[in-house]
Structure formats: structure tokens, C-alpha cells
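Read off the chains here:
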Amino acid sequence: MINIKNKTKSIPLIGVSKSILKIKELIHHVSDTCLNVLITGETGVGKEVVAQNLYTESARVSQNFVKINCAALPETLLESELYGYEKGAFTGAHRNRSGKFQMADKGVLFLDEIGDMPLALQSKMLHVLQSGEFSPLGSEQEFKTDVWVIAATNHNLEQSMAKKTFREDLFYRLNIIKIEIPPLRKRKEDIPPLIEYYLKIYRSEYPNNRVEKPNSDIVSKLVNYPWPGNVRQLQNCIKKQMIMQSWEKTFNDLPKENGQDSTIVGTDKNAMEIQELPDKKAVNSTTQIISEFVDLSTSSDKLFEDISLKKIKKMAADKVEKEVIFFVLEKVGWNRSRASKILKVSYKTLLYKISEFNIHPHIE
Amino acid sequence: MAELNRLLIVDDNQDILSTFYEFFNSMNYEVKTASDGFAAVKLLKDKPNFFDCLITDLVMPNISGVGLISIVKKEYPDMKIIAMTGYGDQPGALASEAEADCVLFKPIDLFKIENIVAQLLITKDNSNSKQTDD
Ligand SMILES: Nc1ncnc2c1ncn2[C@@H]1O[C@H](COP(=O)(O)OP(=O)(O)O)[C@@H](O)[C@H]1O
Ligand SMILES: [Mg+2]
């Protein structure tokens, strides 16, 4: 029987580096053990891909793969999402609702960003993993769980334990199998096969697009770029190239830290500007705008998934608002109440926007 | 006692591994070593039913000692298992829960652990002699 919810598309784990090959082998050896797994690594390295590969190689593949992001929800909501609730458990609980533990029964429960789980919920999680039982909020009934728990985090949990923000007993209970994914810059060999793979995927999506393979010069630049956003950032770069139709330009647009800008090394600034000119002409302002939005894209295998007009409107408005708020705040020396008067919004709204857009004073 | 007893020793600390190796070798055991749980699982798959006893550290990369114990209990239920840890109570408690025959805390007295191995293997031989194979 094919389960509807089980449409989790399986992305192959692309890579030829020693670490990726070892991870593949490890996945193969542990996928039928049902032992708790902890996957660690920076954002965008492929933790979720590894979790999905564990699932698709296991006998549980005919059951559900249920994901919950422990960083995205406030504590009370996260708790009811995990365990479900009974009608009347709290105001607004109009009927019974089952939680992720129930939905993942006999399948996989993927606890993403476990390092951000509030301490109180960590205790409860520990208790559930220990006893193999849980009860929905407001219910007396104990349910037996049969889930394979795979957890992931970009935190260093050893440090979190030292700071007492992560429970040691929960750490050891999750850390039965540990899969550590190194950042992309530490496994540069994986970059060319990843580029090839995603070019192929995006091309099949838009067969009419002209897709240019990067020449060896660009490949070596891409291989040596540090990719702070890891594979996710590399994906966005490839998408962007498909819009800009210029690898040179796409690469130059990548954020560079001082000293990492390979195009500047050995060339004086004028020479670089001249070199950039033909590209500037080729890339008109429309593709420029679209490529900026691709930069903000978070979806993986769809080239244009994030580009709905509504979303773009919001992104564009946010971007302008952010710039204007920052400008005004700097002008008034970060006197927020003056700024709110100038901008004609309430003080509270301004504070909310400062935090939403993550606006900070400019430090010289 | 014609055959030597076969031990699999697993620790990610190379010094401990070689110390144990030398010691048990000199005490007339046949010893193989692995530097983490994953290496151990591969060794075991290569040589099923070869080892009499597993001595494993608990906190290790890839497959932890606790993971290794669970796998061994399931796949090779005849093997005796000794867990050792230097990381406080948590991993030790999990090793007991995974049904290690014995959990020791580091630093470990080599003669004491040899004693335990010998004891465990006697009980193993006794239970095996009833349903003799090789
Ligand atoms: N080894 C890989 N092979 C193919 N795609 C990958 C690989 N690693 C990461 N990706 C892709 O990169 C993006 C980020 O991966 P993800 O698993 O979400 O990272 P994380 O969970 O570590 O932040 C996803 O779109 C994923 O499909
Ligand atoms: Mg993720």
C-alpha cells in the first residue's frame, strides 16, 4: 500500500569525498537497526538528505517520514505538534488532534534543529524515548510509540551541554549513531559532481533554457569558494546562473570575505571593471532583480518555486522598508521614538520591524 | 581448552587500544581491534561467530559503543559484552539498558578486566556445551 504522506522525494546523496562515501556506507549499515541517530553539521550541508536516505534504505520506507522543526515553533505549539492534544486540553483545542509521534508510528520521526528545543521539552522528550510511551496534552491515555528517531542540529551539542542549554542524558540517548557532515569547503571534491547533478535537474525542468556548463576556470573558482551556506548556497548559485546566463557574473556576485575574492587577487581594480563590462551589458535589470530573489530562495530542487508575485512583492517591500528604517535610525542616532514619528508608525511596530529585519547599528 | 579465546576490543583511543591488545595477547587471547563502532560492525560482518567476547568503549564517533552493543545483542547473541566508559554515568546506564554483561568505569585495571572476561567465558562455555557445535 502506498501512503499518500509518504511522497518524500528521495534525493540521492551526491559526493565523491571520503567523508560522503563513508557516510553512505554507514547509512547502509545502520538503516535497519532503528537505533537513534544524531546528524550534525552546518546549515545547508545535507543533514535532511542524510535523514531521508536512512529512511529510504530502511524497512520503514513503506511507512511515514515525519519531520518537525524544533527551532521554528514556540514551546507550547511545539509540544502539541509533537504529542497531539485532546479536545479541551487548552483554549482553542476544539477537537482531538494527533501529534507527530502518532503520525510517525512505525516510521521515522525526524527532529530537525533539536539543539534549539527548549529545556522543558527536552525533559519530556527524554522521558518519552526512555519509556517508549507518551500521552497527548490533556489526555490520561498512554500511547506506545514505535518510531525511529533521527535528530539533526547545526549546534555543537558538547558546547550546549557545557552551557546547560542541552541535557546530557538526552544527548547520549540520541547520540547512539552519530553522523557528522563536514562543511562543503572541507570536501571540495564534491563540488563538481554537485554542480553537474543540479544542472541536470534544473535543465530537465526547463528544457528550453540554454544551459552552459562552467568552464574549467569557473569550476576551479567555484571549487575554491568557501561556501558558508554549503550545498544550499551552491544550489542557489546554480539557479542564479540559469537566469543570469553568465557564470562569471554569478560567481562575482557571491559574497566574499576580505582576501577571499579571487577575482581581485593579482588584478587592479580598473582592470576588473573593464573585464566585467561585457557581462554588465548582457545582464539586464530584469534578470538582475530575479537573480536577487533567487538568492533568497530556500527550496531545493525547483528552479522557480519561490518566485510567486505575492512573495516577491513582500520580499521587495521588506527590502526597501529595511533600508529606509536603517537609514532613518542612523540619521536620528538610533533614537527609536523619533524614528517612529518620522516613519509614522507606532513605536511598537518599529521595534517589531527592527527585530524582524534584524537591523543593527552600523559599526565603523 | 584447545582453542584460544577470541576478543574484539573497540576504542577510539589508540593508546588504550594498543595497551589492551598487548596485554590480552600476552594473556593468551586471540585479539582483534577496531577504532570505532563502525569498524567493529564491519569486522563482525566479515567474521560472524568468530569472537567470544566484545570489550568496547562507549563514546565513539559513527556507531557508538551503545549502538554496537545493541547490534551485537541482536545479531550475535552468544557474544559476551563488556562496556567501559570514561564519560560519567549516562553512557554506562545506556550500556546496561542495552544489556551489556558488565559495565566498567575508566581507568580500568587490566587484571581485573581479564578476570571478568575469564568468568564470562566460563559461563558462556557452560551454556554452550549443552548444545555443542564445533
Ligand atoms: N550530498 C548532497 N547531494 C545532493 N543534494 C544535497 C546534498 N547535500 C545537500 N543537498 C541539497 O542541499 C540543500 C540543503 O540540504 P539540507 O539537507 O536541507 O541541509 P541541512 O538540513 O543540513 O541544512 C537541499 O536542497 C539538499 O537537497
Ligand atoms: Mg535542515
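Refer to the structure above for everything that follows.
Residues numbered from 1 in each chain as written. Chains lettered and ligands numbered in written order. Predicted model: local features only at pLDDT ≥ 70, side-chain atom pairs only at ≥ 80, totals over all residues. Heavy atoms only, no water.

### Considerations on the sheet that holds strand S2 (residues 65–69) of chain A
Across the sheet, 6 strands lie side by side as S2(A)-S5(A)-S8(A)-S1(A)-S9(A)-S4(B); this open sheet has mixed pairing. A single partner strand is all that each edge strand has here, and the edge strands are S2 of chain A together with strand S4 (62–63) of chain B. In this structure, S2(A) lies alongside strand S5 (residues 108–112) of chain A, joined through 5 bridges in parallel fashion. In the sheet register, Val66(A) faces S5(A), and the bridge partner there is Leu109(A). On top of the sheet, helix H1 (residues 18–30) of chain A reaches strand S8 (148–153) and strand S9 (177–180) of chain A together with S4 of chain B; it is set at about 155 degrees to S9(A), its chief contact. (Pairing = 2+ DSSP bridges. Helix = DSSP H or I, 4+ residues; strand = E, 2+ residues; numbered from the N terminus. Contact = heavy atoms within 4.5 Å. Axes fitted to C-alpha atoms, helices over the stretch in contact; angles between N-to-C directions.)

### As for the side chain of Thr85(B)
Mapped onto the elements of the fold, Thr85(B) is located in strand S5 (residues 80–85). Ignoring anything within four residues of it in the chain, the contact list for Thr85(B) reads Asp57(B), Leu58(B), Pro91(B), Gly92(B), Leu104(B), Phe105(B) and Lys106(B).

### Regarding the interface of chain B and chain A
Every contact between the two is made by 19 residues of chain B and, on the other side, 16 residues of chain A. Counting the surface lost from both chain B and chain A, the interface buries some 1500 Å², and carbon and sulfur atoms represent 62% of this. The largest contributions to the chain B side of the interface with chain A come from Phe38(B), Asn62(B) and Gln90(B), which together make up 35% of the buried area. The interface formed by chain B and chain A includes 2 salt bridges. Notably, a salt bridge pairs Glu97(B) with Arg173(A), separated by 2.8 Å at the nearest N-O pair. (Buried area = accessible area lost by both parts, 1.4 Å probe. Salt bridge = Lys/Arg side-chain N within 4 Å of Asp/Glu carboxyl O.)

### Considering helix H2 (residues 37–46) of chain B
Those residues of H2(B) lying buried are Gly37(B), Phe38(B), Ala40(B), Val41(B), Leu43(B) and Leu44(B). Contacts from the buried residues of H2(B) go to H1 of chain A together with strand S1 (5–10), strand S2 (29–34), S4 and helix H3 (65–75) of chain B. N-cap assignment for H2(B): the residue whose side-chain oxygen lies 2.9 Å from the backbone N of Phe38(B) is Asp36(B). (Buried < 20%, exposed > 50% of the residue type's maximum accessible area, 1.4 Å probe, protein only. Polar contact = N/O pair within 3.5 Å; in protein donor to acceptor, adjacent residues only side chain to side chain.)

### Describing the sheet that holds S5(B)
Residues and elements named next belong to chain B. An order of S2-S1-S3-S5-S6 is seen for the 5 strands of this open sheet, with the pairing classed as parallel. In the strand order of this sheet, the two ends are held by S2 and strand S6 (102–105), each with one partner. Ignoring strand direction, the axes of neighbouring strands in this sheet form an average angle of 20 degrees. For strand S3 (residues 53–57) and S5, the ladder comprises 5 bridges, and the chain directions are parallel. Opposite Cys 53, over in S5, you have Lys 80 as the bridge partner.

### Observations regarding the pattern of salt bridges
Tallied over the full model, the rule gives 20 salt bridges over all chains. One salt bridge in this structure joins Asp253(A) and Lys249(A), with 3.5 Å as the shortest N-O distance. Of this pair, Asp253(A) and Lys249(A) are both found in helix H11 (residues 247–253), 4 residues apart, which corresponds to roughly one turn of the helix. On the basis of relative accessibility, which here comes to 26%, the residue Asp253(A) falls in the partly exposed class. Accessibility expressed as a relative area gives 10% for Lys249(A), which makes it buried. Lys106(B) is paired through a salt bridge with Asp57(B); the nearest N and O atoms lie 3.1 Å apart. Of the two residues, Lys106(B) is situated in the loop between S6 and helix H5 (110–129) and Asp57(B) in strand S3; the sequence distance between them amounts to 49 residues. Residue class for Lys106(B) comes out partly exposed when judged on its relative accessible area of 27%. Residues participating in the shared-partner salt-bridge network are Glu48(A), Lys67(A) and Asp112(A).

### Quick word on the side chain of Lys178(A)
Examined against the element boundaries, Lys178(A) turns out to sit in strand S9. At 4.1 Å, Glu158(A) is the nearest oppositely charged side chain to Lys178(A), a buried residue that forms no salt bridge. With sequence-adjacent residues up to four places away left out, Lys178(A) is seen in contact with Leu26(A), Leu38(A), Thr40(A), Glu158(A) and Asn62(B). (Lys, Arg positive; Asp, Glu negative; His and termini not counted.)

### Focus on unusual backbone geometry
A cis amide bond links Lys106(B) to the next residue, Pro107(B), at an omega of 0 degrees. Within the secondary structure layout, Pro107(B) lies in the loop between S6 and H5.

Read these as geometric descriptors, not functional statements.
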